[in-house]
Amino acid sequence: MKTNFLNYFKNIAFQKIILWCYLIWYFTIISIYFEPSLKLWASSIGISFIIGFALILSTSQQGTKQDIWIKVRLFLFPFCVSSYSATIKDYNFILLFPTNQLHLLISFGNCLLFLIPIGFIKKFYNPTYVDR
């Protein structure tokens, strides 16, 4: 298990690192500004199903099978976008960024807490070495 985890991050593509940072940013902001409105979360789930299904249809090709994680992301993106925008609407954000400097620092800090270990894994982890 440990080896698979380290191998995943050793070989992770730059594009996936960006997607992980998006997810970290999302969870950070949602946890700070959480809105317990059932209407907000139900609407986000509804949008996720409608848009996610449309994205599956638009990206599928006859005779090829899509990876399950691609499908998950196609449903997760609209959910995150709709819930994020509904959550931050009354907090004077500038684009995606909170105007509260502490919250901005926490968000960037959480991304760095992900990026720094990834950098170390990519630079120093040698999967051919087996620790016994």
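Residues numbered from 1 in each chain as written. Predicted model: local features only at pLDDT ≥ 70, side-chain atom pairs only at ≥ 80, totals over all residues. Heavy atoms only, no water.

Caption draft 1: Representation of the packing of helix α2 (residues 14-32) against helix α4 (residues 68-88) within the structure. Running from N to C, α2 and α4 cross one another at 35°; their axes reach a closest spacing of 11 Å. Both α2 and α4 take part in a crossing whose hand is left-handed. Residue-level inspection shows Lys16, Leu19, Leu23, Trp25, Tyr26, Ile29 and Ile30 of α2 in contact with α4, the latter providing Arg73, Leu76, Phe77, Phe79, Cys80, Ser83, Tyr84, Thr87 and Ile88. For the contact of α2 with α4, the per-class residue count stands at 12 nonpolar, two polar and two charged. (Axes fitted to C-alpha atoms, helices over the stretch in contact; angles between N-to-C directions. Helix = DSSP H or I, 4+ residues; strand = E, 2+ residues; numbered from the N terminus. Left-handed = near helix turned anticlockwise from the far one by under 90°. Contact = heavy atoms within 4.5 Å. Nonpolar A, V, L, I, M, F, W, Y, C, P; charged D, E, K, R; others polar.)

Caption draft 2: Geometry of helix α5 (residues 101-124). Between its terminal C-alpha atoms α5 stretches 34 Å, which fits the 34 Å expected from 24 residues at 1.5 Å a residue. Along α5, the residues classified as buried are His103, Ser107, Cys111, Phe114, Ile118 and Ile121. One side-chain oxygen of the residue at the start of α5 lies 2.9 Å from the amide nitrogen of Leu102, identifying that residue as Asn100. (Expected span 1.5 Å × (residues − 1). Buried < 20%, exposed > 50% of the residue type's maximum accessible area, 1.4 Å probe, protein only. Polar contact = N/O pair within 3.5 Å; in protein donor to acceptor, adjacent residues only side chain to side chain.)

Caption draft 3: Highlighting the environment of Trp41. Note that Trp41 resides in helix α3 (residues 38-59). Trp41 sits 51 residues away from Asn92 along the chain, and the two C-alpha atoms are 21 Å apart. Among all residues touching Trp41, those that are not within four sequence positions of it are Tyr26, Ile30, Phe34, Glu35, Pro36, Phe79, Ser83 and Thr87.

Caption draft 4: The packing of aromatic side chains, seen in detail. Inspection of every chain in the model, using the stated rule, returns 17 aromatic pairs. Here the aromatic rings of Phe9 and Trp20 are separated by 6.4 Å at their centres, their planes lie at 55°, and the arrangement is tilted. Highlighted residues: Phe9 in helix α1 (residues 2-10) and Trp20 in helix α2, separated in sequence by 11 residues. Measuring from centroid to centroid gives 5.8 Å for Trp41 and Phe79, while their planes differ by 40°, and the two rings are tilted. (Phe/Tyr/Trp six-rings, centres within 6.5 Å; stacked < 30°, edge-to-face > 60°.)

Caption draft 5: Looking closely at unusual backbone geometry. We note that Asn92 has phi near 55°; this positive angle belongs to a residue other than glycine. Note that Asn92 resides in the loop between α4 and α5. Here Asn92 falls in the exposed class, since its relative accessible area comes to 61%.

Caption draft 6: Just the state of the cysteines, in detail. As enumerated under the stated definition, the model contains zero disulfides in all. No disulfide involves Cys80; its sulfur sits 13 Å from that of Cys111, the nearest cysteine. Looking at the unpaired Cys111, the closest cysteine sulfur is the one in Cys21, lying at 4.6 Å. Exposure remark for Cys111: the relative accessible area of 9% places this residue in the buried category. (Disulfide = S-S within 2.5 Å.)

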